[in-house]
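Descriptive analysis of the structure
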Amino acid sequence: MHGAQAAAPEVLASTVEALLAQDVSCAPHVVARLHAELNGDPITIRDVAARLDFAQRQGLRPLPSPLPMVASIEVRYDSLELSVRDRDLLLAVAVRLDDDLDPLIAFDGRVAAEIVASGAGEHLVVRAGRVRFRDPLLAVWLRAEAPAADESAVHRRLAAVFADRDDRVSADWHRARASLHGLPAAAPELTRIARELSEAGHQDRALLLSAEAAAHAAGVDRDEARLVAGVTSIAAGYAAEAVAWLGSLFPEGAERYRLQGLGGLIVAQAHLQGAVPDIEPGSLRPRSDDPEDWYSWARAAAFGAVLCAERGERRGMRTWLEALREGCARVGAERELRDPVVALAWLIAGESEQEDATGTGPLTGGMLQALRAAMGGDVDRGLRHLALADSGIESESDPFVAGFEFSPLVKAYRAIAEALLLVWRGDLGEARRCLLRAAVSLPIALPFDGLGVVLVRRLDLAVLGRLGPFALALTAALPAPARIDQLVDRGIEAYLGGSFDEASSFLQLWTDRGAPQPAFAVPDLDEVAVMSGDPEPVRRIGPPEIALAQRLCARVATTPDARWRVEGPGIGEAARALASPFARGRVEAMLGIRSVIREEHALGAEHLRTARRLFEVAGADAWASAISARLEKLEDAAGGTERSASPLTSCRRAWEAVLTARELEVAMLAARGAPNREIGEALNVSVRTVEVHLGRAFAKLDVRSRVELTVLAHRTAQYL
């Protein structure tokens, strides 16, 4: 993109949606790239995206250069007439590495004013010593239409220009592009500059140079070029491209470069496969005593450990941590690498008190401190840690990701961490804006085992009440084993839309499948998912008040009526201590519903209005709308408006948060008048089992007989 800025999310959303409608799913940051390179033309973007393969559309491989020629571009420029000199100049602009004007003046022989006044000038924007196409589509047309011999000739002329300017890298690049034969002598310098560009955060240009170097190099130089191309690819998020480059080093590549690329290969394979590769670290242990080799092996082990932690694979994490300890002991890197990585891995695994070491740089420094502060209860302090690092004031190296501190993948980790902390703070609207901004420029589907995609989906539901185009497109980029909780998402959407039976069904299916969920606490559906008694819910990683809010929701749902007069006010008092407006809003909403069921209409309305205000503060517009709908129903009931829903259907919506799924079915059949034997036959259980479930339902609903159960059903339906 030669420095072009990505378009705003709201500009790109319609394009992403249009592509989805054509069954062409494309990751948002890829759409942003196409938008910049194709001048935002929707038809051309659609046609070019359709010509890309799956990996390119999902950002797992870089876009082809040049982009595919499509009919809309051909029609636009098919009648364009240019002199040979102007065409060569425009082609030189299309194939250059940067946008510096001076080399192009030397290439063409005319001064800037003459170029602007020429036939080529009307297609260029020349300003402040820089030059770019007025319409980027012209670059695609020029490269598609130019014969290979013409493009090679332009590259040779540019090589001579850069050689005269003593710019060896650009000269070698253009010379290599012009050559029909290998130029092994050019490879080492191209590889060296590619390393420097990659470490400075310019992954796309670094990949161009290193890939060109690999095409011309031989022997150990080729191994090094492949290494740089591979690690640059994964740093940019190109997981499939990284596997191709780094996989080519095994088993015959030079050991030094194999070990340097091992960590990147593990990261790339973990994303593509949905799991960390099942390999024994010791089988890849260095065969030499060279400290650099042992350090590379230790870093690879560090990646393996953190990736396992992200996926909840504690056994694999411990195995990789043992290798990390061994490697660091050989080179004396305990404090700089081992200790902070061990701390990060255990924190991600949910054991924040295991290690308290802190490293430096973006991940084992700023991000580790931010997560640790937030999980300790100080989310604002955690956000300050991230902001300080992003400001550039703290720009220390991070041994864990040394050389890639400014890479898109590392930036994606930090963007997801920031959005997660904003969610924990209860600022869902800002969290969504933060994540959507990141999605148009970063590979946010990769970090934390797809957590970014989970967050985009949950935030869309909280704000919109449905999944937006970015959420749908990002989901397609994930491997099948990723834990995206789509059943929970469908349950939340149904719940917010007022379909409580449907929401309960989705949550029951989710429970039957083992309740898969990300390790970090994200907005779910406690209102329906709360289960009474043992077993205890799986511990989620998050601030203490997130767990407190979940416990309060459970108490609202499971406290019997007989104890409610004592328990209810205490729950309300505890909820007021919650700093997160979203977390408190959900507790207030449940308190409101429970009060309405008890015919405490004024109190229920007060709780519901409080919940709505809190959801509005949190930016959770869909939750606020759902509460407004409840308040309207309450007002209709108070005004005597006839209700169209059947009483038993309506009361199910209230009881499903109090009873287990089986208790609910038994209670509903009993309320309809079915005897125990008929209920047992319908549910394929014994009469004794029916009696047990019915007894538990009576206790939870604070009734003593079937008659009271039926009366309660109609009373509940009157207000919901």
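Structure report, in brief.

How each quantity is defined
- Residues numbered from 1 in each chain as written.
- Predicted model: local features only at pLDDT ≥ 70, side-chain atom pairs only at ≥ 80, totals over all residues.
- Heavy atoms only, no water.
- Helix = DSSP H or I, 4+ residues; strand = E, 2+ residues; numbered from the N terminus.
- Buried < 20%, exposed > 50% of the residue type's maximum accessible area, 1.4 Å probe, protein only.
- Contact = heavy atoms within 4.5 Å.
- Areas by Shrake-Rupley, 256 points an atom, 1.4 Å probe, with all protein chains shown as cover.
- Lys, Arg positive; Asp, Glu negative; His and termini not counted.
- Charge placed at Lys NZ, Arg CZ, Asp CG, Glu CD.
- Salt bridge = Lys/Arg side-chain N within 4 Å of Asp/Glu carboxyl O.
- Arc of directions from axis to C-beta.
- Axes fitted to C-alpha atoms, helices over the stretch in contact; angles between N-to-C directions.
- Parallel < 35°, antiparallel > 145°, perpendicular 65-115°, else oblique.
- Left-handed = near helix turned anticlockwise from the far one by under 90°.
- Nonpolar A, V, L, I, M, F, W, Y, C, P; charged D, E, K, R; others polar.
- Phe/Tyr/Trp six-rings, centres within 6.5 Å; stacked < 30°, edge-to-face > 60°.
- Expected span 1.5 Å × (residues − 1).
- Polar contact = N/O pair within 3.5 Å; in protein donor to acceptor, adjacent residues only side chain to side chain.
- 1 Å grid on protein atoms, 1.4 Å probe; cavity = no way out; pocket = protein on both sides within 12 Å on 5 of 7 lines; lining within 4 Å.
- Points joined across faces, edges and corners; volume = space filled by probe spheres on them.
- Pairing = 2+ DSSP bridges.

**Structural notes on the overall build of the protein**
Of the regular secondary structure elements, the protein holds 38 helices and 2 strands. If you line up the protein on its principal axes, its C-alpha atoms span 95 × 65 × 50 Å. Across the 720 residues that make up the protein, the buried fraction comes to 56%. Partitioning the contacts of the protein with sequence separation of at least 6, the portion at a separation of at least 24 is 66%. Just so you have it, the protein exposes about 30200 Å², and 50% of that area is on carbon and sulfur atoms. The protein carries 82 positive and 100 negative side-chain charges, and their two centres are separated by 4 Å.

**As for the pattern of salt bridges**
Under the counting rule described, the total for this entry stands at 44 salt bridges. One salt bridge in this structure joins R338 and D339, with 2.7 Å as the shortest N-O distance. R338 sits in the partly exposed class, given a relative accessible area of 23%. Between R457 and D489 there is a salt bridge; the shortest N-O distance is 2.6 Å. With R457 in helix α24 (residues 451-464) and D489 in helix α26 (residues 486-496), this pair connects stretches of sequence that are 32 residues apart. Using a relative accessible area of 3% as the deciding quantity, one classes R457 as buried. By relative accessible area, D489 is classed as buried at 2%. Here the salt bridges share partners, and the residues they tie into one network are R85, D86, D108 and R110.

**Side note on helix α15 (residues 239-247)**
Of the positions making up α15, those classed as buried are A239, E241, A242, W245 and L246. Mapping the buried residues of α15 onto a view down its axis gives an arc of 150°, with all of them on the same face.

**Let's talk about the packing of helix α6 (residues 84-95) against helix α7 (residues 101-108)**
At a minimum axis separation of 10 Å, α6 and α7 run at an interaxial angle of 150°. It follows that α6 is roughly antiparallel to α7 by the angle criterion. Considering the relative orientation of α6 and α7, their crossing is right-handed. Taken together, the residues of α7 that come into contact with α6 (itself represented by R85, D88, L89, A92 and V93) are L104, F107 and D108. Of the residues belonging to the contact of α6 with α7, the class tally is 5 nonpolar, no polar and 3 charged.

**Re the packing of aromatic side chains**
The full count for this structure, using the stated rule, is 11 aromatic pairs. Taken together, a centroid distance of 4.8 Å and an interplanar angle of 35° make the contact between F303 and F400 tilted. Taken together, the positions of F303 in helix α17 (residues 291-310) and F400 in the loop between α21 (379-390) and α22 (408-425) put the pair 97 residues apart, joining distant regions of the chain. A relative accessible area of 17% means that F303 is categorised as buried. Look at F582 and F615: their rings are 5.7 Å apart centre to centre, the planes differ by 55°, and that puts the pair in the tilted class. Of the two residues, F582 is situated in helix α31 (residues 581-597) and F615 in helix α32 (residues 601-618); the sequence distance between them amounts to 33 residues. Members of the aromatic cluster, joined through ring pairs, are Y495, F500, F582, F615 and W623.

**With respect to α17**
The terminal C-alpha atoms of α17 lie 29 Å apart, and with 20 residues this matches the ideal 28 Å at 1.5 Å per residue to within 8%. Counting buried positions along α17 yields 17 of 20 residues, so the element is predominantly enclosed. Backbone nitrogen of E292 and a side-chain oxygen of the N-cap are separated by 2.8 Å at the start of α17; the cap is D290. A positive phi of about 70° marks G312, the residue just after α17.

**Points about empty space enclosed by the protein**
Under the defined criterion, the tally for this structure stands at 8 cavities of 30 Å³ or more. Looking at the largest cavity, it is lined by 21 residues, and the ones nearest its centre are I593, R594, I597, A654 and V658. Residue assignment for the lining of the largest cavity shows that the elements contributing at least two residues are α28 (526-529), α29 (544-558), α31, α34 (647-655) and α37 (687-701). It is α31 that contributes the most residues to the lining of the largest cavity, 4 residues altogether. Along the lines of polarity and charge, the residues of the lining of the largest cavity split into 14 nonpolar, no polar and 7 charged. Within this model, the second largest cavity holds a volume of roughly 200 Å³. In terms of lining residues, the second largest cavity is bounded by 15 residues, among which P523, I546, F582, A583 and R586 are the most central. Mapped onto the lining of the second largest cavity, the elements with two or more residues apiece are α22, α29 and α31.

**Quick look at the pairing of strand β1 (residues 124-127)**
By the bridge criterion, 4 bridges tie β1 to strand β2 (residues 130-133) in an arrangement that is antiparallel. Each bridged residue has a counterpart across the sheet, and for L124 the counterpart in β2 is F133. The loop that links β1 with its antiparallel partner β2 comprises 2 residues; one of these, A128, has a positive phi angle of about 55°.

**Considerations on the packing of α24 against helix α25 (residues 469-476)**
Where α24 meets α25, the axes come as close as 9 Å, and the angle between the chain directions of the two elements is 155°. Compared by their axis directions, α24 and α25 come out roughly antiparallel. Crossing geometry of α24 relative to α25 is assigned as left-handed. Two secondary-structure elements touch here, α24 through V453, V456, R457 and D460 and α25 through F470, A471, L474 and T475. Broken down by class, the residue content of the contact of α24 with α25 amounts to 5 nonpolar, 1 polar and 2 charged.

**Notes on unusual backbone geometry**
Note the cis peptide between S65 and P66, where omega equals 5°. Summarising the element assignment, P66 is placed in the loop between α4 (54-57) and α5 (71-77). Between F250 and the following residue, P251, the backbone shows a cis peptide bond with an omega angle of 0°. The topology assignment puts P251 in the loop between α15 and α16 (255-273). The phi angle at N39 is positive, at roughly 60°, despite the residue not being glycine. Along the polypeptide, N39 turns up in the loop between α2 (28-37) and α3 (42-51). For F448, which is not glycine, the phi dihedral falls at a positive 50°. In this fold, F448 is placed in the loop between α23 (428-439) and α24.

**Some thoughts on the environment of R381**
Residue placement: R381 occurs in helix α21. Residue R381 is classed as partly exposed on the basis of its relative accessible area, which comes to 42%. For the pair formed by R381 and R175, sequence separation is 206 residues and the distance between their alpha carbons is 53 Å.

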